[in-house]
Amino acid sequence: MRDRITGAKALMRALQAEGVTTIFGYPGGAIMPVYDALFDYTRGEKKCFDHILVRHEQAATHAAEGYARVSGKVGVALVTSGPGATNTLTGVADAMMDSTPIVVIAGQVPISSLGTDAFQEVDLVGVAQPISKWSYQIRHAEDVAWAVSRAFFIARSGRPGPVVLDFSRNAQVEEIDWNPANVDFIRSYVPYPQLDMEAVRQAAALINNAQRPLALVGQGVELGHAQEELKMFLEKADIPAGRTMLGLSALPSNHPLNVGMLGMHGNYAVNLKEQECDVLIAIGMRFSDRVTGNVSTYARQAKIIHLDIDRSEINKNIRTDVAVVADCKESLPAITSLLFKNKHQHWRNSFHELDEKERNKVIEPAIHPTDGPLLMGEVVNAVALQAPDDAVLVTDVGQNQLFATRYFKYHHARSICTSGGLGTMGYGMPAAIGATFATSRTVCCFMGDGGFQMCIEELGTIMEQQCAVKMILLNNNYLGNVRQWQDMFWMRRKSFTKMMNPNYELIARGYGIHYEVVTDRAMLAAAVGRMFSTPGAYILECAIKEDDDVLPMTPPGMNVSDMMLEI
């Protein structure tokens, strides 16, 4: 007997075959056949999916990102055509910049209506192509199994990224004989380049002869599940390591070779030492402009070794002396096997004076102030002191992100979700929602008042799903990061960065979410304790000094060595 099913039901079976258990979505007319099929797969004996109804389609993609970043699996978003699909594009671009594996499935008008400007028709494939790893239009039901398998293979393999499937309505309702598909090879796509052993030998030789080696650790280590391989590599050759913002949890905060965060608002010593090292080893990072500053003066004295799975990153921003193009889970052990057991104690000790300078001028005043209004750094520090060791940090974008990533502590892999490359305000809360479906670990979400209001509707999702997100709202009544730049570079002309904010307590009460406001540092530690001891979602609003600035800072376009400890 033939197994005749619709394309919509074929999608359910294809997602089930990929191991999908959680879908973040928002229904609409062009995707209604899929939602009707989904009904049976989310309840009763047939249940295999949890569908999370978000309040905005952009939130579906950010939630899928948060889920993917914490679980290591592919996140899934399901939306309708037209504005439903275009609302996902910010999340798609965000996932592309940050190498996050998600699959966005959007409804589309029937193929007979394509090109007619039909109601809610948008050329999604054309729009999504430049900002996704692959975009494809499913025009017939018989293509569903193949397209879904290929989408997940592309999204999760090699350098991960987003895939967009545009699912025409006729393909959703057509009936076909079900034939499963398993795509694990694409002729023109080589996700895992073959390791070049000559490059490995050259890299090992440079490291063995180095007097002042420095490793730059990016998110690629976590994407490659190579945290242990990284530690073995660093420890054998005694190499100090800085981490990019997205790579912060690739190496525990308390590891003796961890020398801090790289970048514009990273730690002072490691940024200056990039200009003194003789061999610089970049591992799974892309030499972002926020890390390098002025590329014409960046690490000119050093031999550059670049380990990356994506060949297009080699020599894109910084000239490389040795490129090892492979999965770092493979390349790191290969290099480690050729390294001498070394000691660079003198070189590592040279970081200490700069660390102390930053601690005295920046860190201590930020986390242990004695008077005045609350500061962001002290709030983050207070939360970090009481958070479980395996807590997941999620941030929005802006000063809240920069303070949170600097002063939170990372003890386990996959402990940070933040929008790095695109810098998407409104990312925080939906990403935190996604994270709660990926893990039972405590999820701490830091947001500013600007970013919070960009995704405030997702309090409805938190209410409905009972997501236990601990939300720390750092409220300074400003778009704080823009205000800081206006003060520093635009003659203090604060053009439209002051914000009139609502009564967040009334809003929290409307959604049935626990709320507390802290206006004095004497209240802070106890309030943080109540947040963590209270089951479920919690909003902890902290009244922050309006002109609190993030330091250190390398001014845009300046050299890394020009990093400022004070304004």
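Preceding this section is the structure that the text describes.
The residue numbers shown here count from 1 along each chain, following its written sequence. Side-chain atom pairs in this predicted model are given and counted only at pLDDT of 80 or more, local residue features only at pLDDT of at least 70, and totals for whole chains, interfaces and linings cover all residues. Heavy atoms throughout the structure, all of them, feed into the side-chain values; hydrogens and water do not.

Student: I keep staring at the packing of helix α1 (residues 7-17) against helix α7 (residues 144-156) and nothing clicks. Help me out?
Tutor: Helix packing geometry: the angle between the two helix axes and the distance between the axes. Two elements in contact, α1 and α7, have axes separated by 9 Å at closest approach and are oriented at 35°. Where α1 crosses over α7, the two elements pack in a sense that is right-handed. Counted together, G7, A10, L11, A14 and L15 of α1 and V144, A145, V148 and F152 of α7 form the full contact between these two elements. Its residues assigned to classes, the contact of α1 with α7 shows 8 nonpolar, 1 polar and no charged. All axes here are fitted lines through C-alpha atoms, helices being fitted over the stretch that makes contact, and every angle between N-to-C directions spans 0 to 180 degrees. Each helix corresponds to a stretch of at least 4 residues labelled H or I by DSSP, and each strand to a stretch of at least 2 residues labelled E; elements are numbered beginning at the N terminus. Crossings are assigned a handedness: left-handed for a near helix turned anticlockwise from the far helix by less than a right angle, right-handed for a clockwise turn. Whether two residues touch is decided by their heavy atoms; if any such pair falls within 4.5 Å, the residues are in contact. Residues are grouped as follows: nonpolar covers Ala, Val, Leu, Ile, Met, Phe, Trp, Tyr, Cys and Pro; charged covers Asp, Glu, Lys and Arg; every other residue, Gly included, is treated as polar.

Student: Teacher, can you tell me more about the packing of aromatic side chains here?
Tutor: The geometry of two aromatic rings is summed up by the distance between their centres and the angle between their planes. Within 6.5 Å between ring centres, the rings of Phe, Tyr and Trp (the latter by its six-membered ring) count as paired, and their orientation is classed by plane angle as stacked under 30 degrees, edge-to-face over 60, tilted in between. For the coordinates displayed, the defined rule picks out 14 aromatic pairs. Pairing F24 with F437 gives two aromatic rings, centres 6.0 Å apart and planes at 75°, and the pair type is edge-to-face. Taken together, the positions of F24 in strand β2 (residues 22-25) and F437 in helix α18 (residues 428-438) put the pair 413 residues apart, joining distant regions of the chain. The buried category is assigned to F24, whose relative accessible area is 0%. Only protein chains enter the accessibility calculation, which uses a 1.4 Å probe; a residue is then buried when its area is under 20% of its type maximum, exposed when over 50%, and partly exposed in between.

Student: Help me understand the sheet that holds strand β16 (residues 416-417), please; the structure alone is not making it clear to me.
Tutor: Through backbone hydrogen bonds, the strands of a sheet pair up, either in parallel or in antiparallel fashion. One bridge is not enough; two strands pair if DSSP finds at least two bridges between them. With parallel pairing, the 6 strands of this open sheet are ordered in space as β16-β15-β17-β18-β20-β19. With one partner strand each, in any of the chains shown, β16 and β19 (514-518) form the two edges of the open sheet. Here strand β18 (residues 469-475) pairs with strand β20 (residues 538-543) via 6 bridges, running parallel. By the bridge assignment, I472 is partnered in β20 with L540. Taken strand by strand, helix α17 (residues 399-407) contacts β15 (392-395), β16, β17 (443-448) and β18, and its axis lies near 160° from that of β15.

Student: Looking at this model, I keep getting lost on helix α21 (residues 480-489). Mind explaining?
Tutor: For an α-helix, the turn length of 3.6 residues means that residues three or four places apart are oriented alike. When we look at burial in α21, the residues that qualify are G480, R483, Q484, Q486, D487 and M488. The inward-facing, buried residues of α21 abut α17. In the stretch just after α21, M491 is the one whose phi turns positive, near 55°.

Student: Sorry, what's going on with the sheet that holds strand β13 (residues 303-308) here?
Tutor: With respect to topology, 6 strands assemble into an open sheet ordered β11-β10-β9-β12-β13-β14, the strand pairing being parallel. With partners counted over all chains shown, the strands left at the sheet margins are β11 (258-261) and β14 (322-325), one partner each. For this sheet, the mean inter-axis angle between neighbouring strands, taken without regard to orientation, is 20°. Looking at chain direction, strand β9 (residues 213-217) and strand β12 (residues 279-283) are connected through 5 bridges and run parallel. From the neighbouring strand, P213 faces β12, where its bridge partner is V279. Sheet strands in contact with helix α11 (residues 227-237) are β9, β10 (241-243) and β12, and its direction is about 170° off that of β12. Contacting β12, β13 and β14, helix α14 (residues 328-336) runs over the sheet at an angle of about 135° to β13.

Student: What am I meant to see in α18 here?
Tutor: The buried fraction of α18 amounts to 8 of the 11 residues, a majority that puts the element mostly inside the structure. Residues of α18 that are buried: G428, M429, P430, A431, A432, I433, G434 and A435.

Student: Just checking my understanding: could you explain the side chain of Q137 for this structure?
Tutor: Tracing the sequence through the fold places Q137 in strand β6 (residues 134-138). With a relative accessible area of 16%, Q137 lands in the buried category. Here R139 takes part through its side chain, which lies 2.8 Å from a polar atom of the side chain of Q137. Setting aside chain neighbours within four positions, we find Q137 in contact with Q108, L114, V125 and D166. For this analysis, a polar contact is any N or O atom pair within 3.5 Å, provided that within protein one partner can donate a hydrogen and the other can accept it, and provided that sequence-adjacent residues contribute only side-chain to side-chain pairs.

Student: What should I look at first to understand unusual backbone geometry in this one?
Tutor: In most cases, non-glycine residues show a negative phi, while peptide bonds are predominantly trans. In this structure, the amide linkage connecting L551 to the following residue, P552, adopts the cis form with an omega of 0°. Among the structural elements, P552 can be located in the segment after β20. Look at D117: it is not a glycine, yet its phi comes out positive at around 60°. With respect to the helices and strands, D117 occurs in the loop between β5 (102-108) and α6 (124-128). We note that A299 has phi near 50°; this positive angle belongs to a residue other than glycine.

Student: How do you make sense of the nonpolar core when you look at a structure like this?
Tutor: As a rule of thumb, soluble globular proteins bury nonpolar side chains together. L280, F287, Y298, F408, F446, I472 and C542 are the most contacted members of the largest nonpolar core, which totals 68 residues. With 7 residues, the top contributor of residues to this core is helix α15 (residues 345-367). If sequence neighbours within four positions are ignored, Y298 has contacts with L216, E274, Q275, L280, F287, V291, T292, I318 and V560. Nonpolar core, defined: a set of buried Ala, Val, Leu, Ile, Met, Phe, Trp, Tyr and Cys residues in which side-chain atoms within 4.5 Å join the residues together. In terms of nonpolar packing, the next biggest core, distinct from the first, is built from 43 residues, I5, I31, C48 and V144 among them.

Student: Is there a simple way to explain the environment of G75 in this structure?
Tutor: Mapped onto the fold, G75 is located in strand β4 (residues 75-79). Sequence separation between G75 and T439 is 364 residues, and the spatial gap between their C-alpha atoms is 13 Å. When residues no more than four places from it in sequence are discounted, the contact partners of G75 are A64, Y67, A68, P101, I102 and V103.

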